[in-house]
Amino acid sequence: MQPKVLGVLILARNGDRTGFYQDPYTYEPSFTESTPLGAVQSFQLGSYLKSTYLESSSPLHILDMPLDPSHPIPPSRVHVHAKAGGEGATIFDSSIALLQGMFPPTPRNKITLANGSTITSPLGGYQYVPVEMIPDSSDTVLESWVDCAAFKKHITKVYNSEEFKEKAKEAKHFFGSVHDYVFGRPTTLENIWNIYDYLNTELSYNQTFAFRLPPTLIEQARGLANYHEDAVFSDKEAGGIGNVAGRTILHPILRSLERIAFDDDPLRILLIETSYQPFISLFHMLDVLASQPDLAGFPDFASALSFEILRGPAPELRDFVRIKFKNGTDDSEFQTLRVLGHEDETIPVTEFIYRLEHYAIPDTKQWNSACSNNRWFPFESTLSTATEQTSMMAVALGALSLFAFAMFALMTLIKHTIDAKRARRDEAIVQQHGSYATFVVSEKAGLLP
């Protein structure tokens, strides 16, 4: 008997895009743009999620979601968060394409007006699912490794390790072979992500380049890039700074698990559209690689990690988590992952939360602490919504205005005090020297502003 699915949390990687450069020492991202290929990949992922969790015939149909696939989606049951980092709108675009596949247009998305006429949403009943975003300069949930001082030190530590240096020696032949195909880009292991991304992008969109690139170079570049990214975005300790990408995204995941399992909340689907980095950290934190070492490295475009909340059999009715992974469009379906040393496919929700919650970074104050960022700010900000951060800025500006007014009042008081002292001094001079002193004071008063 299939357990009931109470809800799902989906972590999805963006679809394909144009070339994407990242600084090897800070991971500061550069601007990139989504492509029609990337949109199709994300749309296909959305369609797969629809057939898996929303079709009435699916054994994994989510409890309390409409059985009729043409029924408009209830807004309170779906929450979507998209990364809006330094790469631009690429990941947001992927979230829209995924949602188009997951919640396609339906003629039932309509309304009857007071005059009796019926209006159907554009594009045959398009469903507008709200997508939450935080500006790239303040998204410490989905881009937590940027501007993190401790993480920069972690990168340097990785590059200075004996293992990394040995790997670089082993890769010398590859870098000699690829040199003529990257057109001046540094051919070093530190820069391997940018080498691989350039080769992969040109191989996809530049036919002349694809005809010239020797066989196996792209596979070698992917293998080295997998090693590099896995080393940078992981840590020996689950709570280490190398896992910061997983630790910040863990908070909304655990909070949504609690909402679905314990809070009698209408939420049934959480979708987080993001880049590849959190996948790597989470695989390490969940101890996935112990049983599936082939997942080390970064996932393909339009990959998905699914956290299914399941209701166990009677009489206990205990809730469990089952985690599945689909590596891009080449994987036809989800594969179940064994996590945290469990041999079973599931783990109790209470145990899952208990074992991971103290690694999660829930707000900006703790993020600054974990990152050893020396930032002074008089008000604590959170990782929840842009609205809260806007309110924080309003309070800060109010405090700044109050400070400026206080300084103006203080300077005015000092000026009046000085003027009063001068007046008493001049009066004393007049009394002592008579009319001559009066003339001098009068002349000064006329010449000085």
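Here the structure is a predicted model, which is why all the values come from computation and not from measurement. (Residues numbered from 1 in each chain as written. Predicted model: local features only at pLDDT ≥ 70, side-chain atom pairs only at ≥ 80, totals over all residues. Heavy atoms only, no water.)

1. Considering the pattern of salt bridges
For step 1, the next point in the chain: What the rule picks out here adds up to 12 salt bridges.
For step 2, the next point in the chain: A salt bridge links Asp300 to Arg222; its shortest N-O distance comes to 3.1 Å. In this pair, Asp300 sits in the loop between helix H11 (277-285) and strand E6 (304-311) while Arg222 sits in helix H9 (residues 217-232), placing the two residues 78 residues apart along the sequence.
For step 3, the next point in the chain: Here Asp319 makes a salt bridge to Arg311, at a shortest N to O gap of 2.4 Å.
For step 4, the next point in the chain: For Asp319, a relative accessible area of 9% puts it in the buried group.
For step 5, the next point in the chain: On the basis of relative accessible area, Arg311 is assigned to the partly exposed category, the value being 27%.
For step 6, the next point in the chain: Because the salt bridges share partners, they merge into one network encompassing Lys83, Glu87 and Glu143. (Salt bridge = Lys/Arg side-chain N within 4 Å of Asp/Glu carboxyl O. Helix = DSSP H or I, 4+ residues; strand = E, 2+ residues; numbered from the N terminus. Buried < 20%, exposed > 50% of the residue type's maximum accessible area, 1.4 Å probe, protein only.)

2. With respect to unusual backbone geometry
For step 1, the next point in the chain: In this structure, Tyr27 takes a positive phi of about 60 degrees despite not being glycine.
For step 2, the next point in the chain: Assignment of secondary structure puts Tyr27 in the loop between strand E1 (4-13) and helix H1 (36-53).
For step 3, the next point in the chain: According to the relative accessible area criterion, Tyr27 is buried, its value standing at 2%.
For step 4, the next point in the chain: With a phi angle near 75 degrees, Asp64 is a residue other than glycine that sits in the positive phi range.
For step 5, the next point in the chain: Relative to the helices and strands, Asp64 resides in the loop between H1 and strand E2 (78-82).
For step 6, the next point in the chain: Here Asp64 falls in the partly exposed class, since its relative accessible area comes to 43%.

3. What to know about helix H10 (residues 244-262)
For step 1, the next point in the chain: Between the first and last C-alpha of H10 there are 27 Å, a value that for 19 residues agrees with the 27 Å anticipated at 1.5 Å per step.
For step 2, the next point in the chain: Phi turns positive one or two residues past the end of H10, at Asp264, with a value near 50 degrees. (Expected span 1.5 Å × (residues − 1).)

4. A few points about the state of the cysteines
Disulfide: a covalent bond connecting the sulfur atoms of a pair of cysteines.
For step 1, the next point in the chain: Under the defined criterion, the tally for this structure stands at one disulfide.
For step 2, the next point in the chain: The partner cysteine of Cys148 in its disulfide is Cys371, sulfur to sulfur 2.1 Å. What sets the handedness of the Cys148 and Cys371 disulfide is the S-S torsion sign, and at about -100 degrees it is left-handed. Note that Cys148 is positioned in the loop between helix H3 (122-125) and helix H4 (149-160) and Cys371 in helix H13 (residues 364-371), a separation of 223 residues in sequence. (Disulfide = S-S within 2.5 Å.)

5. A few points about the packing of helix H7 (residues 192-205) against H9
For step 1, the next point in the chain: One can describe the packing of H7 onto H9 by two numbers: an axis separation of 9 Å at closest approach and a directional angle of 140 degrees. Our classification of the angle between H7 and H9 gives oblique. The hand of the H7/H9 crossing is left-handed. Together, Ile192, Trp193, Tyr196, Leu199, Asn200 and Leu203 of H7 and Ile218, Ala221, Arg222, Leu224, Ala225, His228 and Glu229 of H9 make up the contact between the two elements.
For step 2, the next point in the chain: Partitioning the contact of H7 with H9 into residue classes produces nine nonpolar, two polar and two charged. (Axes fitted to C-alpha atoms, helices over the stretch in contact; angles between N-to-C directions. Parallel < 35°, antiparallel > 145°, perpendicular 65-115°, else oblique. Left-handed = near helix turned anticlockwise from the far one by under 90°. Contact = heavy atoms within 4.5 Å. Nonpolar A, V, L, I, M, F, W, Y, C, P; charged D, E, K, R; others polar.)

6. Topic: the confidence of the model for the protein chain
For step 1, the next point in the chain: Residues of the protein chain with pLDDT of at least 70 account for 82%, and the chain-wide mean is 86.
For step 2, the next point in the chain: Note that pLDDT drops below 50 for residues 376-392; the model gives that stretch 32 contacts with residues more than four away or on any other chain.
For step 3, the next point in the chain: This model gives residues 425-449 a pLDDT under 50, and the stretch forms six contacts once residues within four places in sequence are excluded. (pLDDT = per-residue confidence, 0-100.)

7. Structural notes on the nonpolar core
For step 1, the next point in the chain: Within the largest apolar cluster, 44 residues are counted, with the highest numbers of intra-cluster contacts made by Phe151, Phe175, Leu199 and Phe233.
For step 2, the next point in the chain: Every element with two or more residues in this core is listed here: H4, helix H6 (172-178), H7, H9, H10 and H13.
For step 3, the next point in the chain: With eight residues, the single largest contributor to this core is H9.
For step 4, the next point in the chain: Ignoring any residue separated from it by four or fewer positions in sequence, one finds Phe233 in contact with Tyr27, Trp145, Phe151, Gly242, Asn243, Ala245, Tyr276, Gln277, Ile280 and Ser281.
For step 5, the next point in the chain: The next biggest cluster of nonpolar side chains, apart from the first, holds 38 residues, and it includes Leu257, Val288, Leu295 and Phe325. (Core = buried A, V, L, I, M, F, W, Y, C linked by side-chain atoms within 4.5 Å.)

8. With respect to the packing of aromatic side chains
For step 1, the next point in the chain: Enumeration according to the criterion identifies 21 aromatic pairs in this entry.
For step 2, the next point in the chain: Against the face of Tyr198 rests Arg185, its NZ or CZ located 3.8 Å from the ring centre. (Phe/Tyr/Trp six-rings, centres within 6.5 Å; stacked < 30°, edge-to-face > 60°. Lys NZ or Arg CZ within 6 Å of the ring centre and 35° of its normal.)

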